[in-house]
Amino acid sequence: MLKEFKKFIAKGNVLELAVGLIMATYFGAIVKSLVNDIIMPAVGYAIGGVDFNKLKIIIAEAQPEVLNDAGEVITPAVAEVAIKYGVFINTIIVFIVVAFCVFLVVKAYNNMKERMKKKEEEAPAAPPAPSKEEVLLGEIRDLLKEK
């Protein structure tokens, strides 16, 4: 099993996979920044100054901790409970941008593959093999030359 693992790593598949994963991670970060820092502020401004990251439905307000006179905690703090639909909208937009970029990459790859296939088809083919009659006539000619 260890030999198989070494063989798998030596093929380069793991390295290509790692590079792809790293590139995808940082590409995702760039797209997320594009959406959160450029697209969404512009969209929010266009629809009346809305900050999508702050859009939420509050289910329960945050509660601060309550202390007694001695400074002991009587009631611990409770965080706000909210449905953050603005963040969800941002995530959907990030997904759409990433999906569109992947579509463009796949489309470019397919176009390149198609062009390469056409070049192979356009390349001059080897001349056709001589027919049986031509081969026979060639042999007869060679025999006559020998005499």
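Residues numbered from 1 in each chain as written. Predicted model: local features only at pLDDT ≥ 70, side-chain atom pairs only at ≥ 80, totals over all residues. Heavy atoms only, no water.

### Notes on the confidence of the model for the chain
Argument step 1. Predicted confidence across the chain gives a mean pLDDT of 85, with 97% of residues reaching 70 or more.
Argument step 2. For the chain, helix 1 (residues 2–10) is the element with the lowest average pLDDT, namely 76, and strand 4 (residues 81–83) is the one with the highest, namely 94. (pLDDT = per-residue confidence, 0-100. Helix = DSSP H or I, 4+ residues; strand = E, 2+ residues; numbered from the N terminus.)

### Brief notes about the environment of I57
Argument step 1. Residue position: I57 is located in strand 1 (residues 57–60).
Argument step 2. Classification of I57 as partly exposed rests on a relative accessible area of 48%.
Argument step 3. Considering only alpha carbons, one finds I57 and A126, 69 residues apart in sequence, at a separation of 72 Å.
Argument step 4. If we skip the residues at most four places from it in the chain, I57 touches V81, A82, I83 and Y85. (Buried < 20%, exposed > 50% of the residue type's maximum accessible area, 1.4 Å probe, protein only. Contact = heavy atoms within 4.5 Å.)

### Quick word on the nonpolar core
In a soluble, globular protein the nonpolar side chains are often hidden away together inside.
Argument step 1. Listed in full, the six residues of the largest apolar core are V31, V35, M40, F52, V94 and V97.
Argument step 2. Those elements that place two or more of their residues in this core are helix 2 (13–46) and helix 3 (85–122).
Argument step 3. For this core, the element with the most residues is helix 2, which contributes three residues.
Argument step 4. Apart from the residues lying within four places of it in its own chain, the contact partners of V94 are V31, K32 and V35. (Core = buried A, V, L, I, M, F, W, Y, C linked by side-chain atoms within 4.5 Å.)

### Quick word on a nonpolar patch on the surface
Argument step 1. A grouping of I57, I59, V81, I83, Y85, F88, I92, F95 and I96 is seen on the molecular surface, where their side chains present a nonpolar patch of about 900 Å² in accessible area.
Argument step 2. At the level of secondary structure, the elements contributing two or more residues to the nonpolar patch comprise strand 1, strand 4 and helix 3.
Argument step 3. Considering each element in turn, the nonpolar patch owes the most residues, five residues, to helix 3. (Patch = residues over 30% accessible without salt bridge, like charges linked within 9 Å, V, L, I, M, F, W, Y side chains within 5 Å. Areas by Shrake-Rupley, 256 points an atom, 1.4 Å probe, with all protein chains shown as cover. Salt bridge = Lys/Arg side-chain N within 4 Å of Asp/Glu carboxyl O.)

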